[in-house]
Amino acid sequence: MTAATSTARTSVMPHILMTLVMTMMMTQVVKTLHQHNPLSSVPDLLWKSQRVTSSVIRESWMPGCTFLFITDGTTSSASLHKLLQSIRPETNVGIFEFTNQGPDNTTLTLMTSQIRKIEKSSWCVMLIVVSDGFKYLSDVLDIAISTELLVWPTRLLVVTSLPTERLRPLQQRLSPINALVITADGDSSQAKRGNVYMYVPYSHRSVLVASWSPIFGLTYNENHRLFSNKFQRLADGANMTVVGNNFPLHVIISPKETENGKVEFSFQGPLIKVLEMLSAQMNFTYDLTQPLDGGWGVVFPNGSWNGMIGMMIRKEVDFALGPFGVTYIRSKVIDYTDPLIMDYGRILGRRGDTEIDPWGFLMPLTPSVWAAFLASLGLVLLLAVLASRIDWNSRELSPKIPVATYLRVMFQQDTIVPYDSGWEKMMLGGWVLAILVVIECYNSNLTSLLAVRYIAEPYQSMRILLDDPKAKMVWVANTAYAQHLADVDSGIFYEAKQTAKVGRIKYIKAPEYITAVDDLVSRGDYVLINPLIIMKIFLTESYMEKGNCKFYVSKETFLPQTFCMVVPKNSPLRYPINEGIRAVVEGGLYDYWLDNVIPNAKSCKNPPTKMTVQAVLSFRNLWGVFAVLVTGYTISFITLCVEIIVSKAKQFGNFQ
């Protein structure tokens, strides 16, 4: 796509000659080929199939796409020159040529590394392999597939004159990739006819996609198109193995005993409905299975994986339901589909028993009212002191300080008003009116609030949870959260990881969710760390059984997770599955199905933490009032001691 480089022939190994023309504008390649070897009439394979091949390339052309030719050394530069003249001049082209009978691993490794560099800078790539050698084609396919060069977005066009029966052994390698095969028939100079075939996945046959003739050109067969997604709807159907695990709300697995005494499992839930929709859309049947270890998939120190991820890596299943939380380490070995939901981690704990807040006597007034009240008191006392010390007739200071009068009014005690001046009466009258309103509001609210019971929900954040040495956590093993906890090396979750050394973490398997909540979290000494969507089922069951909310979820959220289905790495199934998932999610169907599974989930979304009851009050309910009383007596006693000490000190000083 930059400057042209001349065609170079370099000896790689004995009897192996590789010609590499790095990607450049097509017009520059044509000029280079013309200078290297002028047009000749050698009737090689590309010369014979030039018209059908150029028709397919023109139909498949896209802006920014790069065409890479791989030849076996029998293709002349004249054939390439003539073919490239029929392609758009702005096309990017690369040519790899091997002149031996079959490329060796070293040469092909070099070729794949160069192609990878080109792929990174191209919008799309099409590999065009030109050869009549069956072994050559087989070797190129093997190394390209094993090095993950032929992932689905990369197109492969095989040009050969071998009959389709001879190519049948390549069926297994051609059917899962985005490949077409051109077979050219005709005399030694120009092909009179050409056919374009596609190999059907999960089948043993090929399909005629298009035909070419000099009169009609390229004509499509029925509804086929070049490089269409053949996995969108499988032409011959397929039977796939799908793995799933019990995931409350999403996948519900229930065992049942048959008449023969065998135990079978039934799969239900919103994700099963998605699977049924995909089955009808893509034309496949499926067998559902479960991982023997009950895991989702974590990596071990030796690099192996367990759970459903391990089953896909070992090619035991076609894809997995999940839904799986997206993690970087998993993305190295599998591919995620489009997301089904977005969720956050929360803390699920048991709500405390109802009790009166011992500091409830402060609740009748809001903090702002308390602040305004104390500020007004200070201002009134300050004005009273300053004003009362001035005799407005003599302009001299007066020793009269009526501070106690204002305090007696505040505490609703009787007082004598010794003032003759009007300003003193107005100031005291305004203070009496303000205190009357505030005290009456306080008394009425306090009477009602004393009957309010407080429900404890202590662990609202990970910080509070970790700071309590008695608190213990339940984590689900072999999940994205467990993997994150194992890999983290700093931050608050590293602190959580360290608590395992003192026995504050208990790992459970996914099918043990309900048992763990009933046996551990219900006691109050354990909390569950998990995505919110899982916790909704326990909130719903508690509400339906007890008629109240037994559990609570923390206000703090953490570890945001995108949940998806997964397919094997570079699997072409990901693209049609993505289309189905997008239709379900954008139509709101998945959320609708989830709501049907948990109809009462919103009942405990924000349960009240205070309840009004009628009961006899005990010291446990009112100790806060007595704490204020004791604090006041303590301050008074300390003040008295200070005054005595100061008085004695003054007397001692006067005596001396």
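Parameters at a glance
Residues numbered from 1 in each chain as written. Predicted model: local features only at pLDDT ≥ 70, side-chain atom pairs only at ≥ 80, totals over all residues. Heavy atoms only, no water. Helix = DSSP H or I, 4+ residues; strand = E, 2+ residues; numbered from the N terminus. Buried < 20%, exposed > 50% of the residue type's maximum accessible area, 1.4 Å probe, protein only. Contact = heavy atoms within 4.5 Å. Pairing = 2+ DSSP bridges. Right-handed = clockwise from strand over helix to strand, strands pointing away. Patch = residues over 30% accessible without salt bridge, like charges linked within 9 Å, V, L, I, M, F, W, Y side chains within 5 Å. Areas by Shrake-Rupley, 256 points an atom, 1.4 Å probe, with all protein chains shown as cover. Salt bridge = Lys/Arg side-chain N within 4 Å of Asp/Glu carboxyl O. Core = buried A, V, L, I, M, F, W, Y, C linked by side-chain atoms within 4.5 Å. Disulfide = S-S within 2.5 Å. Axes fitted to C-alpha atoms, helices over the stretch in contact; angles between N-to-C directions. Parallel < 35°, antiparallel > 145°, perpendicular 65-115°, else oblique. Left-handed = near helix turned anticlockwise from the far one by under 90°. Phe/Tyr/Trp six-rings, centres within 6.5 Å; stacked < 30°, edge-to-face > 60°. Expected span 1.5 Å × (residues − 1). Nonpolar A, V, L, I, M, F, W, Y, C, P; charged D, E, K, R; others polar. Lys, Arg positive; Asp, Glu negative; His and termini not counted. Charge placed at Lys NZ, Arg CZ, Asp CG, Glu CD. pLDDT = per-residue confidence, 0-100.

A.B. asks: Just to check I follow, could you spell out the overall build of the protein chain for this structure?
C.D. replies: A count of helical and extended segments in the protein chain gives 21 helices and 27 strands. Every one of the 656 residues in the protein chain was classed for burial, and the buried ones make up 46%. Of all intrachain contacts in the protein chain linking residues separated by at least 6 positions in sequence, the fraction that spans at least 24 positions is 73%.

A.B. asks: Can you walk me through the pairing of strand β3 (residues 65-71) in this structure?
C.D. replies: On any regular strand, side chains alternate: one points to one face of the sheet, the next to the other face. A large share of β3 lies buried, amounting to seven of its seven residues. Burial along β3 is two-sided: C65, F67, F69 and T71 facing one way and T66, L68 and I70 facing the other are all buried. As defined by bridge partners, β3 adjoins strand β5 (residues 124-130) across seven bridges and the pair is classed as parallel. Along β5, the bridge assignment pairs T66 with V125. With six bridges connecting them, β3 and strand β4 (residues 92-98) associate as parallel partners. Bridge assignment links T71 to a residue of β4, and that residue is E97. In this fold, the crossover linking β3 to β4 by way of helix α4 (residues 77-85) has right-handed handedness.

A.B. asks: What am I meant to see in a nonpolar patch on the surface here?
C.D. replies: There is a patch of nonpolar side chains on the surface, built from W359, L362, F619, W623, V625, F626, V628, L629 and Y633 and spanning about 880 Å² of accessible area. Residue position: W623 is located in helix α21 (residues 619-655). Judged by relative accessible area, W623 falls into the partly exposed class, the value being 35%.

A.B. asks: Where do I start with the pattern of salt bridges in this structure?
C.D. replies: Where charged atoms from two side chains of opposite charge approach closely, those side chains can pair. In this structure the tally under the stated criterion is 11 salt bridges. The shortest N-O distance in the salt bridge between R523 and D525 comes to 3.1 Å. Linked through salt bridges whose partners overlap, the residues forming this network are D335, K569 and R574.

A.B. asks: Explanation requested: the nonpolar core in the structure shown.
C.D. replies: Where a protein is soluble and globular, its nonpolar side chains tend to be buried together. Membership of the largest hydrophobic core comes to 68 residues, with the highest contact counts inside it found for F284, F319, L321, L348, M565 and Y590. Here this core takes seven residues from helix α18 (residues 532-546), the largest share from any one element. Beyond its immediate stretch of four places on either side in the chain, M565 contacts L271, V274, L278, F319, A320, L321, D335, Y336, T337, L340 and I581. Within the second largest apolar cluster, 31 residues are counted, among which are L80, L83, M126 and I182.

A.B. asks: Looking at this model, I keep getting lost on the state of the cysteines. Mind explaining?
C.D. replies: Working definition: the covalent bond between the sulfur atoms of two cysteines is a disulfide. Summed over all chains, the structure comprises one disulfide. Here C65 pairs with C124 through a disulfide, and the sulfurs are 2.1 Å apart. Of this pair, C65 sits in strand β3 while C124 sits in strand β5; the two residues are 59 residues apart in sequence, bridging distant segments of the chain. For C65, a relative accessible area of 3% corresponds to the buried category.

A.B. asks: How do you make sense of the packing of helix α8 (residues 270-282) against helix α19 (residues 574-586) when you look at a structure like this?
C.D. replies: Think of two packed helices as two axes; the pair is described by the angle between the axes and how far apart they sit. The N-to-C vectors of α8 and α19 enclose an angle of 125 degrees; their axes lie 10 Å apart at closest approach. Of the possible angle classes, the one that applies to α8 and α19 is oblique. As α8 packs across α19, the resulting crossing turns out to be right-handed. Packed against α8, whose contacting residues are V274, M277, L278, Q281 and M282, the element α19 presents P576, I577, G580 and V584 at the interface.

A.B. asks: Please explain the packing of aromatic side chains as it appears in this structure.
C.D. replies: Counting across every chain of the model gives 10 aromatic pairs. Ring centres of W152 and F231 lie 5.6 Å apart, and the angle between their planes is 85 degrees; this geometry places the pair in the edge-to-face category. Of this pair, W152 sits in the loop between α6 (134-146) and β6 (155-160) while F231 sits in the loop between β10 (217-220) and β11 (239-243), and the two are 79 residues apart along the sequence. Classification of F231 as buried rests on a relative accessible area of 3%.

A.B. asks: Honestly, the environment of E222 in this entry has me stumped. Any pointers?
C.D. replies: Residue placement: E222 occurs in the loop between β10 and β11. On the basis of relative accessible area, E222 is assigned to the exposed category, the value being 64%. Between the C-alpha atoms of E222 and A210, which are 12 residues apart in sequence, the distance is 8.8 Å.

A.B. asks: So what exactly am I meant to see when it comes to unusual backbone geometry here?
C.D. replies: Most peptide bonds take the trans form, and the phi angle of most residues other than glycine is negative. Following G322, the chain continues to P323 via a peptide bond in cis, the omega torsion being 0 degrees. Structurally, the position occupied by P323 is in strand β15 (residues 319-325). Not every positive phi belongs to a glycine, and N283 is a case in point at roughly 65 degrees. Relative to the helices and strands, N283 is located in the loop between α8 and β14 (285-289). A relative accessible area of 26% places N283 in the partly exposed class.

A.B. asks: Got a minute to help me understand α6 in this structure?
C.D. replies: Helical geometry: 3.6 residues make up each α-helical turn, so side chains three or four residues apart lie on a common side. Taking 1.5 Å per residue, 13 residues should reach 18 Å; α6 reaches 18 Å between its end C-alpha atoms and fits that length. Of the residues making up α6, those classed as buried are F134, Y136, L137, S138, D139, V140, L141, I143 and A144. Looking one or two residues past α6, E148 carries a phi angle of roughly 60 degrees, positive in sign.

A.B. asks: Explain the packing of α8 against helix α20 (residues 589-597) to me, please; I cannot follow it from the model alone.
C.D. replies: At a minimum axis distance of 9 Å, the contact between α8 and α20 shows a crossing angle of 140 degrees. Relative to α20, the element α8 lies oblique. Across from P270, L271, K273 and V274 in α8, the residues of α20 making contact are Y590, W593, L594 and V597. Tallied by class, residues from the contact of α8 with α20 come to seven nonpolar, no polar and one charged.

A.B. asks: I tried to follow a negative patch on the surface on my own but got confused; where do I start?
C.D. replies: A contiguous patch of negative charge, built from D518, D519, E541 and E545, is present on the exposed surface. Broken down by secondary-structure element, the contributors of at least two residues to the negative patch are α17 (513-519) and α18. Among the structural elements, D519 can be located in helix α17.

A.B. asks: I'm lost on the confidence of the model for the protein chain in this one. Help?
C.D. replies: Reading fine detail from the predicted coordinates is not recommended where pLDDT is low. Scored by pLDDT, the protein chain comes out at a mean of 79, with 82% of its residues at no less than 70. Least confident of the elements in the protein chain is strand β1 (residues 8-13), whose mean pLDDT is 31; most confident is strand β16 (residues 334-336), at 93. Scored below 50 in pLDDT, residues 1-40 makes 98 contacts in the model with residues more than four places away or belonging to other chains. Overall, residues 397-401 carries pLDDT values under 50, and its contacts beyond four positions in sequence, including any with other chains, amount to 12 contacts.

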